[in-house]
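Secondary and tertiary structure notes
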Amino acid sequence: MADVRLAGLTRRYEDGAALEDFTLDLDDGELVVVVGPSGCGKSTLLRLIAGLDEMSGGQIHIGGRRVDGLAPQDRDVAMVFQSYALYPHMTVRRNVEFPLRMRGVAKAARRGRVEEVATLLEIEALLERKPGALSGGQRQRVALARALVREPALFLLDEPLSNLDARLRTSVRRHIRDVQRRLGVTTLYVTHDQTEAMTLGHRIVVLDRGRTQMVAPPLEAYARPANTFVATFLGSPGMNLLPARRQGGAIAIGDQRIELGDHMPARCADGGALTVGVRPEAFVPSNDTVAVGLRVDADPASAEPLGAETMLTGNVGRETVVIRAAGTPAAETSFVAPREILHFFDAGGRRFSP
Ligand code: ADP
Ligand code: MG
């Protein structure tokens, strides 16, 4: 267990940077999720920290000790990969205790420690089986046990759930969260899945094309995304974005003019372009409200009733807007997103404060 300082981590290739100036401090016992689309540099980040790839620049401190000059086995880091490479000819017990054998830990101590992590990950009943006789979710729990058995200072997880089906993903995700909190091991978890990011971490780091876009607790990133990338990446579906222009105390979007009053972002110059963001769930049927806001007539043919909610689309000017309505609204419904819960971004895609 340790606090971790990552300062300016960079990995360049001839054709560009896979990771650029990645800086983050993790508190002792914290779980941080790094989330971003495929190719954004997530695996590169973990490989640099584990010592499996060479940095072009930056420094890594774990528990006050600088480790970036050290060999992988001297960094006190354990990593779990997407493909959980267990030794097929060894029992689960032998697999889990392998890192302890490598370090010459005595038999009795090994036994106690294996029983401990096996209990945590609920694999006690599987210890004498071989990996071939396990389900995908069980194998992934064994891989987690093997990584945690020697109590690393830092635990790195690279998309550990992506080979599991949806139901198993939920249950293994819960195991990871519970075990991490109980052991208090400082953890960096990377994923392209925004649901994992929202549910697992104390904080998330949103990464795009090798660069950090935002660092915040997940609900804060959802409520106040720092830019249009974060706004569209978090949420399923993500935030709708619409081009708009300021006209005095109002904004023009498509053929609508919305009086913003106090909600006008101060930094936006009169006549200037901005982007308006609206979450699909921000819409309410307009017949039960007199709210000032963005109005959309839903296309009845677009309705996808899902039981608890209905997905619809409608148009604002030439843009299509996704609406997530509670229950099953009548086909001819008009919706409004009140101006209080619209988001505003500048021409560069950065959020206007607040
Ligand atoms: P992620 O794990 O987020 O999907 P990666 O860290 O694997 O992304 O890759 C980040 C970027 O670095 C990608 O654009 C990838 O093509 C590039 N990259 C990775 N390895 C190499 C390499 N050996 N040579 C050149 N580019 C690479
Ligand atoms: Mg990857």
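Definitions and cut-offs
- Residues numbered from 1 in each chain as written.
- Chains lettered and ligands numbered in written order.
- Predicted model: local features only at pLDDT ≥ 70, side-chain atom pairs only at ≥ 80, totals over all residues.
- Heavy atoms only, no water.
- Patch = residues over 30% accessible without salt bridge, like charges linked within 9 Å, V, L, I, M, F, W, Y side chains within 5 Å.
- Areas by Shrake-Rupley, 256 points an atom, 1.4 Å probe, with all protein chains shown as cover.
- Salt bridge = Lys/Arg side-chain N within 4 Å of Asp/Glu carboxyl O.
- Lys, Arg positive; Asp, Glu negative; His and termini not counted.
- Charge placed at Lys NZ, Arg CZ, Asp CG, Glu CD.
- Helix = DSSP H or I, 4+ residues; strand = E, 2+ residues; numbered from the N terminus.
- Buried < 20%, exposed > 50% of the residue type's maximum accessible area, 1.4 Å probe, protein only.
- Domains from an automatic or database assignment.
- Contact = heavy atoms within 4.5 Å.
- Buried area = accessible area lost by both parts, 1.4 Å probe.
- Polar contact = N/O pair within 3.5 Å; in protein donor to acceptor, adjacent residues only side chain to side chain.
- Nonpolar A, V, L, I, M, F, W, Y, C, P; charged D, E, K, R; others polar.
- Axes fitted to C-alpha atoms, helices over the stretch in contact; angles between N-to-C directions.
- Parallel < 35°, antiparallel > 145°, perpendicular 65-115°, else oblique.
- Left-handed = near helix turned anticlockwise from the far one by under 90°.
- Expected span 1.5 Å × (residues − 1).
- Arc of directions from axis to C-beta.
- Pairing = 2+ DSSP bridges.
- Phe/Tyr/Trp six-rings, centres within 6.5 Å; stacked < 30°, edge-to-face > 60°.
- Lys NZ or Arg CZ within 6 Å of the ring centre and 35° of its normal.
- Core = buried A, V, L, I, M, F, W, Y, C linked by side-chain atoms within 4.5 Å.

**So, a negative patch on the surface**
On the surface, a cluster of negative charge is made up of Asp3, Asp25, Asp27 and Asp28. Tracing the chain through its elements places Asp25 in strand E2 (residues 16-26). Since its relative accessible area comes to 44%, Asp25 is described here as partly exposed.

**Thoughts on the domain arrangement of the chain**
The domain architecture assigned to the chain consists of domain 1 (4-228) and domain 2 (240-345). Taking only C-alpha atoms, the centre of domain 1 and the centre of domain 2 are 40 Å apart. Each partner contributes residues to the interface: domain 1 has five residues there, and domain 2 has six residues. A buried area of about 480 Å², summed over both sides, lies between domain 1 and domain 2, and 60% of it is on carbon and sulfur atoms. Looking at the side of domain 1 facing domain 2, the largest losses of area belong to Tyr222, Pro225 and Thr228, adding up to 85% of the total buried there. At the junction of domain 1 and domain 2, the tally comes to zero salt bridges. The tally of links between domain 1 and domain 2 comes to two residue pairs in polar contact (both at pLDDT 80 or more). Considered class by class, the residues forming the side of domain 1 that touches domain 2 number three nonpolar, two polar and no charged.

**Some points on the side chain of Thr187**
With respect to the helices and strands, Thr187 occurs in strand E8 (residues 187-191). Judged by its relative accessible area of 1%, Thr187 falls in the buried class. Side-chain polar atoms of Thr187 contact the backbone oxygen of Val185, separated by 2.8 Å. When neighbours within four sequence positions are excluded, Thr187 is seen to be in contact with Leu26, Glu30, Leu31, Val32, Leu154, Phe155, Leu157 and Gln180.

**A look at the packing of helix H4 (residues 136-148) against helix H5 (residues 166-183)**
Two elements in contact, H4 and H5, have axes whose closest approach is 10 Å; the angle formed by their N-to-C orientations is 20°. On the basis of the axis angle, H4 is roughly parallel to H5. Handedness of the crossing formed by H4 with H5: right-handed. Together, Gly137, Gln140, Arg141, Leu144 and Leu148 of H4 and Leu168, Val172, His175, Ile176, Val179 and Leu183 of H5 make up the contact between the two elements.

**Description of helix H3 (residues 107-120)**
Across its 14 residues, H3 extends 20 Å between first and last C-alpha, which sits within 8% of the 20 Å expected from 1.5 Å per residue. Taken together, the buried positions of H3 are occupied by Arg110, Arg113, Val114, Val117, Ala118 and Leu120. Burial along H3 is one-sided: seen end-on, the buried residues are contained in an arc of 155°. For H3, the secondary structure elements touched by its buried residues are helix H2 (92-102), H4 and H5. The positive-phi residue at the C-terminal boundary of H3 is Glu122, with phi of around 55°.

**Things to note about the sheet that holds strand E3 (residues 31-35)**
Reading across from one edge, E6-E7-E8-E3-E9-E10 is the order of the six strands in this open sheet, with mixed pairing throughout. Two strands in the sheet have a free side with no partner beyond their single neighbour: strand E6 (77-80) and strand E10 (211-216). Neighbour-to-neighbour, the strand axes of the sheet open up by a mean angle of 20°, direction not taken into account. Bridge count for E6 against strand E7 (residues 154-158) is four bridges, and the pairing is parallel.

**Quick look at the packing of aromatic side chains**
Counted by the stated rule, this structure contains two aromatic pairs. Here Tyr87 and Phe98 contribute two aromatic rings whose centre-to-centre distance is 4.9 Å and whose plane-to-plane angle is 55°, an arrangement assigned as tilted. Highlighted residues: Tyr87 in the loop between E6 and H2 and Phe98 in helix H2, separated in sequence by 11 residues. Taking the centre distance of 5.7 Å and the plane angle of 10° together, the rings of Phe229 and Phe233 count as stacked. Residue Phe229 and its partner Phe233 are both found in helix H8 (residues 228-233); the two are separated by four residues, about one turn of the helix. Phe233 sits in the buried class, given a relative accessible area of 17%. Sitting over the face of the ring of Tyr222, Arg279 holds its NZ or CZ atom 3.7 Å from the ring centroid.

**Some remarks on the nonpolar core**
In terms of nonpolar packing, the biggest core is built from 47 residues, with Val96, Ile123, Leu144, Phe155 and Tyr189 touching the most fellow members. Among all residues touching Tyr189, those that are not within four sequence positions of it are Leu31, Val32, Val33, Val34, Leu157, Pro160, Leu161, Ile176, Glu196 and Leu200. By size, the runner-up hydrophobic cluster in this structure holds 28 residues, among which are Leu24, Ile62, Val190 and Leu207.

**Overview of unusual backbone geometry**
Here the amide bond leading from Ser236 into Pro237 is cis, since omega sits at 0°, within 30 degrees of zero. Positive phi values are uncommon outside glycine, yet Asp21 reaches one of about 50°. Tracing the backbone through its elements, the reader meets Asp21 in strand E2. The phi torsion at Asp76 lies on the positive side, around 60°, for a residue other than glycine. With respect to the helices, strands and loops of the structure, Asp76 is situated in the loop between strand E5 (65-66) and E6.

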